[in-house]
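Chain by chain, the residues run as shown.
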Amino acid sequence: MKAIEVLEDLKRRFPHEQEYHQAVFEVLESIEEVYNQHPEFEKANLIERLCIPDRIFSFRVTWVDDKGNTHTNMGYRIQHCNAIGPYKGGVRFHSSVSPSILKFLAFEQTFKNSLTTLPMGGAKGGSDFNPKGKSATEVMRFCQAFISELWRHIGPDTDVPAGDIGVGGREVGYMFGMYKKLTREFTGTFTGKGLTFGGSLIRPEATGYGNVYFLLEMLKTKGIDIKGKRCLVSGSGNVAQYTCEKLIEMGAIPVTLSDSNGYIYDPEGITTEKLEYVKELKELYRGRISEYAETYGCKYVANARPWGEKGDIALPCATQNEINGEEAKALVANGVIAISEGANMPSTPEAIEVFQQAKLLYAPGKASNAGGVSVSGLEMTQNSERISWSTEEVDSKLKWIMQNIHENCVKYGTEADGYVNYVKGANIAGFIKVARAMMSQGII
Ligand code: GLU
């Protein structure tokens, strides 16, 4: 089948999976030219095989709350592709989790992981369990119930889960504990583990730091200094926090943060001290970002996103489809020069079109947020060797990987007029490696 026919076919077979169609379309559009230059790919029906996950596990997760009431959620694991390494990808706990969301994430993960240069296939998992307002013991019981079903499908050389939205160090710890009990083995089956049981230094910081390392590479191509640049950051979880931390370290000024209820705008800039407050607020107390505005006396806008504010750089670090076409136009009108995505697929196709038409520096998440899974890959290596590397060692490897991803995007994405289409570059570079591996391994 031709690349674009595959999408029509997927729409017919999976009609309600809009996010999945969106992610597939973006990749197919980018790689069509390369794909058509390889008739052997079409003969092996490579695209169809690459777009449809290897397998999907879906299961019931039943758990008991603190009052003794019984609840049932859905649990999933999508093993998308293991052509270049064991399945690898995070677990998301959020009420919006559906097969479509996880299929798009597992698909994206496959290309992202390929870009990292490390041997990792693509996967994603999760549940529609909503961690908001749940006690630590409820979260623990849920994680244990989730793993009591999933454990038989994962393993250090099979499938290695990690965190994502709603799943951080605490949840990974609970899942790892239950997994270890059931398998009677201490292995590196999860990444993002605590430092006392095989976790890697810099893993919590990696997605945010990597995002800024990628941004710096993009700015370098234009000779732009990040110092003093005002940055619109969305989200307030792990990725947003460490994006801000690195921005501050580099002399930039983050001015916004958000959560699902609204956003704050702090014209004075979010300082290291204020960021410490946000980390405590979110991690320790699981509070709302509106409390930041009350504490520091700045603007809070309920039920809105920060894209109408004035800034030089936008770093969406919340969730998928959080910048639409209109918001992208507002960013362009306000003079934004670069967009570096910390979240997965935060810009809609209309928004991407606006950024690229305006010839802005625009990095898709699968390139700019690959730092997280990269350090997960480094955690796997350390676990296999049964050693731990220093902060400097991991951080310098992370920096090198982000620079390498940037180089590959430039190599495959530079257009005739010199504009770097990072979407095209990331998709082609990610695709070629997976495609070659699949071709070598026969029709399986
Ligand atoms: N959930 C993160 C991502 O979207 C990290 C995955 C991992 O470390 O396996 O890439």
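Along each chain, the written sequence defines residue order, and numbers are assigned to residues from 1. In keeping with the model being predicted, local features are shown solely for residues with a pLDDT of at least 70 and side-chain atom pairs are shown and tallied solely at 80 or more, while totals for entire chains, interfaces and linings include all residues. Only hydrogens and water are removed before side-chain values are computed, so all heavy atoms of the structure are retained for them.

### Side note on the environment of V64
Here's step 1: Checked against the element boundaries, V64 lands in strand 1 (residues 55–64).
Here's step 2: Contacts were defined at the residue level, with two residues in contact if any of their heavy atoms lie within 4.5 Å. Residues contacting V64, with those up to four places away along its chain left out, are N69, T70 and R141. Helix and strand definitions here come from DSSP, where helices need a minimum of 4 consecutive H or I residues and strands a minimum of 2 consecutive E residues; each element is numbered from the N-terminal end.

### Remarks on the pairing of strand 3 (residues 87–93)
Here's step 1: Buried residues dominate strand 3, accounting for seven of its seven residues.
Here's step 2: We treat two strands as partners when DSSP finds at least two bridges between them. Relative to strand 4 (residues 122–127), strand 3 runs parallel, the two sharing three bridges. Bridge pairing in strand 4 places R92 opposite G126.
Here's step 3: Here the term right-handed applies to a crossover when the path leading from its first strand over the helix to its second strand runs clockwise, the strands being oriented away from the viewer. You can see the chain leave strand 3, run along helix 5 (residues 99–115) and come back into strand 4, and the turn it takes is right-handed. To sort residues, take the accessible area from a 1.4 Å probe on protein chains only and compare it with the maximum for the residue type: under 20% means buried, over 50% means exposed, and anything in between is partly exposed.

### A look at helix 16 (residues 391–413)
Here's step 1: A helix is expected to span 1.5 Å multiplied by its residue count minus one. Over its 23 residues, helix 16 extends 32 Å from the first C-alpha to the last, a length consistent with the 33 Å expected when each residue adds 1.5 Å.
Here's step 2: Along helix 16, the residues that are buried comprise V394, D395, L398, I401, M402, N404, I405, H406, C409 and G413.
Here's step 3: On its buried face, helix 16 sits against helix 5, helix 8 (203–221), helix 14 (365–368), helix 15 (371–385) and helix 17 (422–440).

### Regarding the site of the ligand
Here's step 1: Whether a residue is near a molecule or strand depends on its heavy atoms: if one lies within 4 Å, it is near. Neighbouring the ligand are 13 residues; K88, K112, G163, D164 and S376 lie closest to it.
Here's step 2: The term polar contact refers here to a pair of N or O atoms within 3.5 Å; inside protein, the definition further demands a hydrogen-donor-capable atom paired with an acceptor-capable atom, and it admits residues adjacent in sequence only when both atoms are side-chain atoms. Between the ligand and the protein, one listed contact pairs an oxygen atom with a side-chain N or O atom of K88 at 2.7 Å.
Here's step 3: The backbone of G163 places a nitrogen or oxygen atom 2.9 Å from a nitrogen atom of the ligand.
Here's step 4: Computed by Shrake-Rupley with a 1.4 Å probe, the accessible areas treat only the displayed protein chains as cover when residues are assessed. For the ligand, whose unbound accessible area comes to 290 Å², protein coverage reaches 94%.
Here's step 5: Of all elements in the fold, only strand 3, helix 5 and helix 15 reach the threshold of two or more residues within the shell around the ligand.

### Examining the sheet that holds strand 7 (residues 253–254)
Here's step 1: One open sheet holds the five strands; their spatial order is 7-6-11-12-13, and the pairing between them is parallel. Two strands in the sheet have a free side with no partner beyond their single neighbour: strand 7 and strand 13 (361–363).
Here's step 2: Pairing geometry for strand 11 (residues 313–315) and strand 12 (residues 338–340), over two bridges, is parallel. Each residue of the ladder has a partner; that of I313, found in strand 12, is A338.
Here's step 3: Most of the contacts of helix 8 go to strand 12, to which it runs at about 155 degrees, and overall it touches strand 11, strand 12 and strand 13. Fitted lines through C-alpha atoms serve as axes, helices being fitted only where they are in contact, and the angles separating the N-to-C directions of these axes extend from 0 to 180 degrees.

### Here's the deal with the pairing of strand 2 (residues 70–81)
Within a regular beta strand, the side chains point alternately toward one face of the sheet and then the other, so they alternate between its two faces.
Here's step 1: Pairing geometry for strand 1 and strand 2, over ten bridges, is antiparallel. From the neighbouring strand, F59 faces strand 2, where its bridge partner is G75.
Here's step 2: Between strand 1 and strand 2, which pair antiparallel one after the other, the connecting turn spans five residues, and G68 there sits at a positive phi close to 95 degrees.
Here's step 3: In terms of strand pairing, strand 2 meets strand 4 through six bridges, oriented antiparallel. Paired with R77 across the strands is G125, a residue of strand 4.

### Side note on the packing of aromatic side chains
Here's step 1: The pairing test for Phe, Tyr and Trp rings, Trp by its six-membered ring, is centres within 6.5 Å, and the orientation test on the planes gives stacked under 30 degrees, edge-to-face over 60, and tilted for anything in between. One pass over the full model with this rule turns up 23 aromatic pairs.
Here's step 2: Ring geometry for F176 against F186: centres 5.1 Å apart, planes inclined by 75 degrees, an arrangement best described as edge-to-face. Highlighted residues: F176 in helix 7 (residues 169–183) and F186 in the loop between helix 7 and helix 8, separated in sequence by ten residues.
Here's step 3: The exposure class of F176 is buried, given its relative accessible area of 4%.
Here's step 4: For F186, a relative accessible area of 49% translates into the label partly exposed.
Here's step 5: Each residue in the set F59, W63, F93, F129, F142 and F146 is aromatic and connected to the rest through ring pairs, giving one cluster.
Here's step 6: Two thresholds decide whether a charge sits over a ring: the Lys NZ or Arg CZ must be within 6 Å of the ring centre and within 35 degrees of the ring normal. Seen from the ring of F129, K134 lies directly overhead, with NZ or CZ sitting 5.3 Å from the centre.
Here's step 7: The side chain of K274 reaches across the aromatic face of Y296, ending 5.5 Å from its centre.

### Points about the environment of F111
Here's step 1: Along the polypeptide, F111 turns up in helix 5.
Here's step 2: Distance in space between the C-alpha atoms of F111 and K433 is 8.9 Å, their sequence separation being 322 residues.
Here's step 3: Residues within four places of F111 in sequence aside, it is in contact with V27, L50, K366, N427, G430 and F431.

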